[in-house]
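Chains, contacts and geometry: an overview
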Amino acid sequence: MKDRTIGHLTQGRPGPLIILIGGLHGNEIEGVRATERVFEQLKNYTINGEVIGLRGNLAAIAQQRRYLAYDLNRCWTEAHLRFLRSDAIKHSKPEDQEAIALLKVIDHYAQQSFSTKIIADLHTTSAQKGSFVIVPEHYAEHPVIKALHIPIVVNMEYFLKGTLLNYSCDRGFISFAFEGGQIGSLDAIDLHEAGIWSMLLEAGAIENAPASFKKEQTDYLQQLTSGLPNRVTAKSMHVVHEGAKFSMNDGYFNFKPVQKGEVLAQDKNGPIVSPQDGLIFMPLYQKEGSDGFFIVDLEE
């Protein structure tokens, strides 16, 4: 697991750039496994453009932890980027080196010309029914996003700061977080794999795939996400502060309806209630992480 590069394919043909990053959170390995599967098969196809698969947080992956020193998906702020680009003697934390390595890749390809440039950040969640794509609203209708056939969540950039998604969008990429199911589930690997194939096919990165292959991926994604909303908007967020002893109440899953005042969780100060009617989103059922839960609304 020491090698960051899962695969890197180009045949010198014009086309899109697709960068797949799995394991930015080291305990979310399903996207890495799916990307490995895809690259094993990609050698059988004619490739347009360039396709790259990367492991995100190698140190955290090795220990099966979300992160070691700090969250690699919350560090892409202007202040921290200035630090990463400064004197290397200061970069003593494990995530410093992980972020610097990814930063070099993104900044390099930001200068290159492709028909389309896409970064897909592959994740899984600690709650059930965790199949969705988080994307800025101005990319929500992009054909590659729509081809995933899973719920689209917009407005998250107003709550989550310093994400890889936000930074890479600012650098000119169509970037999104592809949440492919629940942490540790075999279904999540299959869902990620189907999603990756759908991205590659819709973007035109594969030249000679049969039409039936695309339909197989679409049918599988639609089957797994049946009954979930098409598109929602994030409205509020509960932040978990260090030492809060946050504990999510049992029985909550992504997109479950909740009511204003409903007790959703507990911490050292007592019950935590929903601030409004809506759907609960990404309830936190793991020890690491500061995002307790979000409330989202169906778009009218």
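In case you missed it, the structure is sitting above this.
Residues numbered from 1 in each chain as written. Predicted model: local features only at pLDDT ≥ 70, side-chain atom pairs only at ≥ 80, totals over all residues. Heavy atoms only, no water.

1. Overview of empty space enclosed by the protein
Formally: For each structure, a 1 Å grid was placed over the protein atoms alone; sets of points admitting a 1.4 Å probe that cannot get out are labelled cavities, open sets with protein on both sides within 12 Å along at least five of seven lines are labelled pockets, and lining residues have an atom within 4 Å of a point. Grid points are joined across faces, edges and corners, and a volume is the space filled by probe spheres set on the points. What counts as a helix is a DSSP run of H or I of at least four residues, what counts as a strand is a run of E of at least two, and both are numbered from the N terminus. The residue classification treats Ala, Val, Leu, Ile, Met, Phe, Trp, Tyr, Cys and Pro as nonpolar and Asp, Glu, Lys and Arg as charged. All others, Gly included, are polar.
Going through the model one piece at a time under the given rule, you end up with one cavity of 30 Å³ or more. Computed from the structure, the largest cavity encloses a volume of approximately 350 Å³. Lining of the largest cavity is provided by 30 residues; of these, Arg74, Leu160, Glu179, Met282 and Asp291 occupy positions nearest its centre. For the lining of the largest cavity, the secondary-structure elements that each account for two or more residues are β4 (117–125), α6 (164–170), β7 (174–182) and β14 (291–298). Here the lining of the largest cavity takes four residues from β4, the largest share from any one element. A per-class count over the lining of the largest cavity returns 12 nonpolar, 11 polar and seven charged.

2. Considering the nonpolar core
The cut-off we apply is this: Remark: nonpolar core denotes a set of buried residues (Ala, Val, Leu, Ile, Met, Phe, Trp, Tyr, Cys) joined through side-chain atoms within 4.5 Å. Exposure classes here rest on a 1.4 Å probe applied to the protein chains alone. A residue is buried below 20% of its type maximum, exposed above 50%, and partly exposed in between. Residues count as neighbours in contact if any of their non-hydrogen atoms are within 4.5 Å of one another.
In terms of nonpolar packing, the biggest core is built from 59 residues, with Phe176, Met199, Leu200 and Phe281 touching the most fellow members. Looking at which element gives the most residues to this core, the answer is helix α7 (residues 186–203), with nine residues. Aside from chain neighbours lying at most four places away, what touches Met199 is Leu20, Ala120, Leu122, Val144, Leu148, Phe176 and Phe178. Core analysis: the second largest hydrophobic core is formed by 23 residues, Leu17, Trp76, Leu102 and Tyr109 among them.

3. Comments concerning the sheet that holds strand β11 (residues 263–267)
We apply this condition: Pairing between strands requires that DSSP locate at least two bridges from one strand to the other.
Judged by pairing direction, the sheet is antiparallel, and its three strands sit side by side in the order β9-β11-β12 without closing on themselves. Whereas interior strands pair on both sides, the edge strands pair on one side only; in this sheet they are β9 (247–248) and β12 (270–273).

4. Quick word on the sheet that holds β14
Convention followed: Geometry is summarised by axes, namely lines fitted to C-alpha atoms with helices restricted to the contacting stretch, and by angles between N-to-C directions that run from 0 to 180 degrees.
Overall, mixed pairing links the 11 strands, which are arranged β1-β3-β2-β4-β7-β5-β6-β8-β14-β13-β10 in an open sheet. Two strands lie at the open edges of the sheet, namely β1 (5–10) and β10 (256–258), each paired on one side alone. Taking each pair of neighbouring strands and ignoring which way they run, the sheet shows an average axis angle of 30°. In the sheet, strand β2 (residues 17–22) pairs with β4 via six bridges, with the strands oriented parallel. By the bridge assignment, Gly22 is partnered in β4 with Leu122. Packing of α7 onto the sheet brings it into contact with β2, β3 (50–55), β4, β5 (131–134) and β7, and relative to β7 it is tilted by some 150°.

5. Regarding the packing of aromatic side chains
We count it as follows: Only Phe, Tyr and Trp rings are paired, with Trp represented by its six-membered ring, and only when their centres lie within 6.5 Å; those with planes under 30 degrees apart are stacked, over 60 edge-to-face, the remainder tilted.
Using the criterion set out here, one finds 10 aromatic pairs in the structure. Geometrically, the ring pair formed by Phe132 and Phe255 is edge-to-face, given 6.0 Å between the ring centres and 90° between the ring planes. Taken together, the residues span a long stretch of sequence, with Phe132 in strand β5 and Phe255 in the loop between β9 and β10 at a distance of 123 residues. We classify Phe132 as buried; its relative accessible area is 0%. Put simply, the rings of Phe132, Phe159, Phe255, Phe281 and Phe294 pair up and form one aromatic cluster.

6. Digging into the layout of surface pockets
Taken as a whole, the largest pocket holds about 270 Å³ of empty space. Around the largest pocket, the lining comprises 15 residues; the ones closest to its centre are Tyr67, Asp71, Arg74, Gly289 and Ser290. Counted by class, the lining of the largest pocket contains seven nonpolar, two polar and six charged residues. The volume enclosed by the second largest pocket comes to roughly 230 Å³. If you go around the second largest pocket, you meet 14 residues; those closest to its centre are His149, Ile150, Pro151, Pro229 and Asn230. In terms of residue class, the lining of the second largest pocket is made up of six nonpolar, five polar and three charged.

7. Regarding the side chain of Ser168
Positionally, Ser168 belongs in helix α6. Overall, Ser168 belongs to the buried group, its relative accessible area being 0%. With residues near it in sequence (within four places) discarded, Ser168 still touches Ile119, Phe173 and Ser175.

8. Describing helix α1 (residues 30–42)
Selection criterion: The span expected for a helix works out to 1.5 Å for each residue beyond the first.
Here α1 spans 18 Å end to end across 13 residues, near enough to the 18 Å set by a 1.5 Å rise per residue. Packed against the buried residues of α1 are β1, β2, β3, β4 and α7.

9. Topic: helix α8 (residues 211–224)
Taking 1.5 Å of rise per residue, the 14 residues of α8 would be expected to cover 20 Å, and the 21 Å separating its terminal C-alpha atoms lies within 8% of that figure. Where α8 is buried, its residues meet α7.

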